Each structure stands twice: as structure tokens, then as C-alpha cells.
Amino acid sequence: MVDFENHIGKITVSENYLTELVKHTVTNCFGVADVCSVSPFKAAVASLTAGRAYRKNKGVIIRTDRSGGLVIDLHIKVTYGTNITAAVNSITHKVSFTVEEATGIDVSRVNVFVDDMSA
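Residues numbered from 1 in each chain as written. Predicted model: local features only at pLDDT ≥ 70, side-chain atom pairs only at ≥ 80, totals over all residues. Heavy atoms only, no water.

Our focus in this paragraph is the overall build of the protein chain. Per the secondary structure count, the protein chain includes 3 helices and 6 strands. What you see in the protein chain, going N to C, is helices and strands ordered as β-β-α-β-α-β-β-α-β. A buried classification covers 40% of the 119 residues belonging to the protein chain. Considering only contacts within the protein chain whose residues lie at least 6 apart along the sequence, 61% involve residues at least 24 apart. (Helix = DSSP H or I, 4+ residues; strand = E, 2+ residues; numbered from the N terminus. Buried < 20%, exposed > 50% of the residue type's maximum accessible area, 1.4 Å probe, protein only. Contact = heavy atoms within 4.5 Å.)

With that settled, consider the side chain of His 75. Mapped onto the fold, His 75 is located in strand S5 (residues 70-79). Given the relative accessible area of 7%, His 75 is considered buried. Of note is the side chain of His 75, whose polar atom sits 2.8 Å from the side chain of Asp 115. If we skip the residues at most four places from it in the chain, His 75 touches Val 35, Cys 36, Val 38, Gly 59, Phe 113 and Asp 115. (Polar contact = N/O pair within 3.5 Å; in protein donor to acceptor, adjacent residues only side chain to side chain.)

Take the pairing of strand S6 (residues 107-118) next. Remember that side chains alternate between the two faces of the sheet whenever the strand is regular. One ladder, built from 10 bridges, connects S5 with S6; its direction is parallel. Residue Ile 72 lies in a different strand from S6, and its bridge partner there is Val 110. Regarding the hand of the β-α-β motif, the stretch spanning S5, helix H3 (residues 84-103) and S6 is right-handed. (Pairing = 2+ DSSP bridges. Right-handed = clockwise from strand over helix to strand, strands pointing away.)

Function cannot be read off these values alone, since they describe shape.
What follows is the structure in C-alpha cells.
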């Protein structure tokens, strides 16, 4: 759960909703073939550093930073021939905009890791 307060009051957004929103947004970006699963070791380390219990995920790790903004880690598979720099910039902006528009929570950082390439 992600809690945050604004002028309206306290808002709670489920982590599952955020994960599905991000996955849907990423898979609709140009050049993205799929979202890759994160190795259990990497996910466990990320969970420990975020101070949460380890949960299986499908390539999207969401945590909060000290300022209260979201930090989103994405592990993706791109299609062959895609300009990776352009795709990553597009993904970063689109995910930030979509999450901020849907939830009102500031996104501090979007980290995109290209783990695989499909033919």
C-alpha cells in the first residue's frame, strides 16, 4: 500500500493497482516486447532495501523514497532494431505521466533496465 496526503485528505493506493497500471503502460510503448520477470535474488534485495516483505513480481518494483515520491524499477524486453535510448526516454516520461495523472502521487524516478531482446 502506498499512502499519501494532499489537500483532499489521506489517499491509499494498492501496490497491485500501481504495478498493473505501470505494466499496462509499458507494454503499450513502442519497441517494448514484454516486461521481464526479475530474478528472485534481485527482487529480495530490492524489497529489503525498501523495508518491505519480499513478494514475487513481474518486472515492476515500486517503492517510495525519503521525499515521499515513488521510485519505479522496470525490467523490460525490447524488440530487435529498437532505438533503446529513445524507447527508454519514452517509457520514462509515459510511466511518470500516467502514474501521476491516475494517482496524484509524484514519481521521483523511473529506472528502466533492458534485460532481453526479442527477434
